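Chains, contacts and geometry: an overview
Here are the chains, one letter per residue:
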Amino acid sequence: MAHLPYAIALGLPLTPALVGFLLIQNSLVAGVAGYLFWRYGLETAMIAHLTVHAVLAPIG
């Protein structure tokens, strides 16, 4: 839910479909980051999170 302000700043309409998409996308990334944290440590999870933002931010 922390990424909703970014969607609002982009001027996207907060439809149920968009909110659902953001929740699913963030849940998937959180699952991957959680696994990386558990397996390899905090730094790896942080790099994964940063990488997702670096790849997806220019698209938005």
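Residues numbered from 1 in each chain as written. Predicted model: local features only at pLDDT ≥ 70, side-chain atom pairs only at ≥ 80, totals over all residues. Heavy atoms only, no water.

1. Quick look at the packing of helix H2 (residues 16-40) against helix H3 (residues 42-56)
Orientation of H2 relative to H3, taken along the N-to-C sense of each, is 150 degrees, at an axis distance of 7 Å. In terms of orientation, H2 and H3 fall into the roughly antiparallel class. As for the relative orientation of H2 and H3, their crossing is right-handed in sense. Here Gln-25, Val-29, Ala-33, Leu-36, Phe-37 and Tyr-40 of H2 come into contact with H3, specifically with Leu-42, Thr-44, Ala-45, Ala-48, Val-52 and Leu-56. Partitioning the contact of H2 with H3 into residue classes produces 10 nonpolar, two polar and no charged. (Axes fitted to C-alpha atoms, helices over the stretch in contact; angles between N-to-C directions. Helix = DSSP H or I, 4+ residues; strand = E, 2+ residues; numbered from the N terminus. Parallel < 35°, antiparallel > 145°, perpendicular 65-115°, else oblique. Left-handed = near helix turned anticlockwise from the far one by under 90°. Contact = heavy atoms within 4.5 Å. Nonpolar A, V, L, I, M, F, W, Y, C, P; charged D, E, K, R; others polar.)

2. Observations regarding the packing of aromatic side chains
Each aromatic ring pair is specified by the distance between its two centres and by the angle formed by the two planes. Overall, the coordinates contain one aromatic pair when judged by the stated rule. Here Tyr-35 and Trp-38 contribute two aromatic rings whose centre-to-centre distance is 5.7 Å and whose plane-to-plane angle is 50 degrees, an arrangement assigned as tilted. Of the two residues, Tyr-35 and Trp-38 both sit in helix H2, three residues apart, roughly one turn of that helix. (Phe/Tyr/Trp six-rings, centres within 6.5 Å; stacked < 30°, edge-to-face > 60°.)

3. Topic: H2
Taking 1.5 Å of rise per residue, 25 residues should cover 36 Å, and H2 covers 35 Å from first to last C-alpha, within 8% of that figure. Of the surrounding elements, those touching the buried residues of H2 are helix H1 (4-9) and H3. (Expected span 1.5 Å × (residues − 1).)

4. Brief notes about the environment of Gly-11
Positionally, Gly-11 belongs in the loop between H1 and H2. Expressed as a C-alpha distance, the spacing of Gly-11 and Ala-45, which sit 34 residues apart in the sequence, is 29 Å.

5. Let's talk about the confidence of the model for the protein chain
Considering every residue of the protein chain, the mean pLDDT works out to 89; 95% of them sit at 70 or more. Highest mean pLDDT in the protein chain belongs to H2 (93); lowest belongs to H1 (84). (pLDDT = per-residue confidence, 0-100.)

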